[in-house]
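The residues making up each chain are set out below.
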Amino acid sequence: MQNKIYVSPSGENPECFKSVSDALYSIPEDNQNQVTIYIAPGIYHEKITIDRSFVTLEGTGRSNEDVVLTYDDYANIVMEDRMKMGTFRSYSVFIDAHDVTLKNLTIENASGDSVTHGQAIALYADGDRLIVDSCRLLGHQDTLFTGPLPPKEIQKNGFIGPKQYAPRINGRHYYKNCYICGDVDFIFGGATAYFENCTIESLRRFEDETEEPADGTAKGNEIKPETQPRIQGYVTAASTPEGQAYGYVFSKCRLISKDCLTGTVYLGRPWREYAKTVFVECSFGKHINPELFHDWNKENARNTVLYAIGECAYASESASSFPQKADFVRELVGDQAAAFTKERVLGEGDGWCP
């Protein structure tokens, strides 16, 4: 078994595969050896499943923009059985293995805006000891899903997809020097995931900037209530299982937006009631709502989530406190942030520290 495999879209070299999927299929299903697939610059329009362990996909371009793995499925597609595709079949790349690394490439769901298309996953990552290094993950709603799925659906058929009936096994993921963009819940799931030195960009979901208040527009000579800025999105939607030590930790990350108005994006909301999301030494653009997190109208979640920030800066200005944060959001002080180092978050059990 070769430990180096090459992919090129031109097909000029007979030793190269023309597709990433064909290169993966050439690796034995029970592979136990480290194999690196080197991918030449180009756009690869294919729906990719990585179900071999100990595999690295590495782009060979000068930047992570040179190799693009792209597909365009989305939740609102009506299938032959007249059911919609749903979220978890919409992925462009699906990792269903352990010890997989992605490096120096782009993964994109190119379906389009979330208002029209609904959820559309770029990367569905479900496995342990996964590394995503210097990659771009591009999408709108639900760009990155960090499996496993929650134990139970809230809505019938909500989990239709490749892992619907699989055991729920927590995995550890490491995202380093990545760019991730989206609008609604675009980093979501139940894994233990550590994001280091990443740029997280919130995209504008709605063109109109304001929305009417809940009581509607006043009539006659009454004064029209002030309109409110339209909420453009939520960065995270963790579904951390009850009792799991860690969920999402963001360290030294930049949260930016070119188009979202001030205060129109939340750091996260709880997909499940024990969600855990912590930001340490991160910088927040003005698009981040001063309350920081939203409870998704789940009253009980206020008592069960772990939402916290430590040594973060708001709108490029140093801040020692966030007085407007929601009352269920913790601010880490002193040495409390030390509990969220990469070594502690990812090394539980076997000391793994990529």
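Residues numbered from 1 in each chain as written. Predicted model: local features only at pLDDT ≥ 70, side-chain atom pairs only at ≥ 80, totals over all residues. Heavy atoms only, no water.

(A) Fine view of the overall build of the protein. Looking only at helices and strands, the protein has 4 helices and 30 strands in total. Its C-alpha atoms give the protein a radius of gyration of 21 Å, near enough to 20 Å, the size a compact globule of 354 residues would have. For the protein, the spread of C-alpha atoms along the principal axes amounts to about 75 × 50 × 40 Å. A buried classification covers 54% of the 354 residues belonging to the protein. Taking the intrachain contacts of the protein between residues at least 6 apart in sequence as the baseline, contacts between residues at least 24 apart amount to 71%. Counting every atom, the protein has about 16,500 Å² of accessible surface; 45% of that belongs to carbon and sulfur. Both charge centroids of the protein, one from 35 positive and one from 50 negative side chains, sit 2 Å from each other. (Helix = DSSP H or I, 4+ residues; strand = E, 2+ residues; numbered from the N terminus. Rg over C-alpha atoms; globule rule 2.2 N^0.38 Å. Buried < 20%, exposed > 50% of the residue type's maximum accessible area, 1.4 Å probe, protein only. Contact = heavy atoms within 4.5 Å. Areas by Shrake-Rupley, 256 points an atom, 1.4 Å probe, with all protein chains shown as cover. Lys, Arg positive; Asp, Glu negative; His and termini not counted. Charge placed at Lys NZ, Arg CZ, Asp CG, Glu CD.)

(B) How the structure looks around the layout of surface pockets. There is about 580 Å³ of room inside the largest pocket. Residue lining of the largest pocket: 27 residues in total, with Thr 87, Gln 119, Gln 155, Gly 158 and Trp 271 positioned closest to the centre. When the residues that make up the lining of the largest pocket are grouped by side-chain class, the tally is 11 nonpolar, 8 polar and 8 charged. In this structure, the second largest pocket occupies an estimated 170 Å³ of space. Lining the second largest pocket are Pro 150, Pro 151, Ser 239, Thr 240, Pro 241, Glu 242, Trp 271, Arg 272, Glu 273, Tyr 274 and Lys 298. Of the residues that constitute the lining of the second largest pocket, the class distribution is 5 nonpolar, 2 polar and 4 charged. (1 Å grid on protein atoms, 1.4 Å probe; cavity = no way out; pocket = protein on both sides within 12 Å on 5 of 7 lines; lining within 4 Å. Points joined across faces, edges and corners; volume = space filled by probe spheres on them. Nonpolar A, V, L, I, M, F, W, Y, C, P; charged D, E, K, R; others polar.)

(C) Inspection of the pattern of salt bridges at higher detail. In the structure shown here, the tally under the stated rule is 14 salt bridges. Close ionic contact of Arg 129 with Asp 99 constitutes a salt bridge, the shortest N to O distance being 2.7 Å. Remark: Asp 99 occurs in the loop between strand E7 (93–95) and strand E8 (100–103) and Arg 129 occurs in the loop between strand E10 (123–125) and strand E11 (130–133); sequence separation between them is 30 residues. In this structure Arg 129 comes out as partly exposed when scored by relative accessible area, which is 22%. By relative accessible area, which is 17% here, Asp 99 ends up buried. Among the ionic pairs, Arg 302 bridges to Asp 295, the shortest N-O distance being 2.7 Å. On the basis of relative accessibility, which here comes to 30%, the residue Arg 302 falls in the partly exposed class. A single network of salt bridges, built from pairs that share partners, joins Asp 99, Asp 128, Arg 129, Arg 172 and Asp 350. (Salt bridge = Lys/Arg side-chain N within 4 Å of Asp/Glu carboxyl O.)

(D) Quick peek at the packing of aromatic side chains. One pass over the structure, following the stated rule, counts 28 aromatic pairs. Taking the centre distance of 6.3 Å and the plane angle of 75° together, the rings of Phe 88 and Tyr 124 count as edge-to-face. Separated by 36 residues along the polypeptide, Phe 88 in the loop between strand E6 (67–71) and E7 and Tyr 124 in strand E10 bring together distant segments of the chain. For Tyr 124, a relative accessible area of 0% translates into the label buried. A network of ring pairs unites the aromatic residues Tyr 175, Phe 195, Tyr 248, Phe 250, Phe 279, Phe 284, Phe 293, Tyr 307, Tyr 314, Phe 322 and Phe 328 as a single cluster. Across from the ring centre of Tyr 91, 4.1 Å away, lies the NZ or CZ of Lys 47, which sits over that ring. (Phe/Tyr/Trp six-rings, centres within 6.5 Å; stacked < 30°, edge-to-face > 60°. Lys NZ or Arg CZ within 6 Å of the ring centre and 35° of its normal.)

(E) Quick look at the sheet that holds strand E24 (residues 265–268). Strands sit in the order E4-E7-E10-E13-E16-E21-E24 across an open sheet of 7 strands; the sheet is parallel. With partners counted over all chains shown, the strands left at the sheet margins are strand E4 (48–50) and E24, one partner each. The mean inter-strand angle of the sheet, taken between neighbouring strand axes irrespective of direction, is 15°. The sheet contact formed by strand E16 (residues 184–189) and strand E21 (residues 233–238) spans 4 bridges and is parallel. Counted as the bridge partner of Val 184 is Tyr 234 from E21. (Pairing = 2+ DSSP bridges. Axes fitted to C-alpha atoms, helices over the stretch in contact; angles between N-to-C directions.)

(F) Representation of the environment of Tyr 307. With respect to the helices and strands, the residue Tyr 307 is situated in strand E27 (residues 306–310). Placed 27 residues apart in sequence, Tyr 307 and Gly 334 show a C-alpha to C-alpha distance of 17 Å. Dropping the residues within four chain positions of it, Tyr 307 is found in contact with Gly 268, Arg 269, Pro 270, Ala 275, Thr 277, Phe 293, His 294, Phe 328, Val 329 and Arg 330. For Tyr 307, the side chain forms a polar contact with the main-chain oxygen of Arg 269, separated by 3.3 Å. (Polar contact = N/O pair within 3.5 Å; in protein donor to acceptor, adjacent residues only side chain to side chain.)

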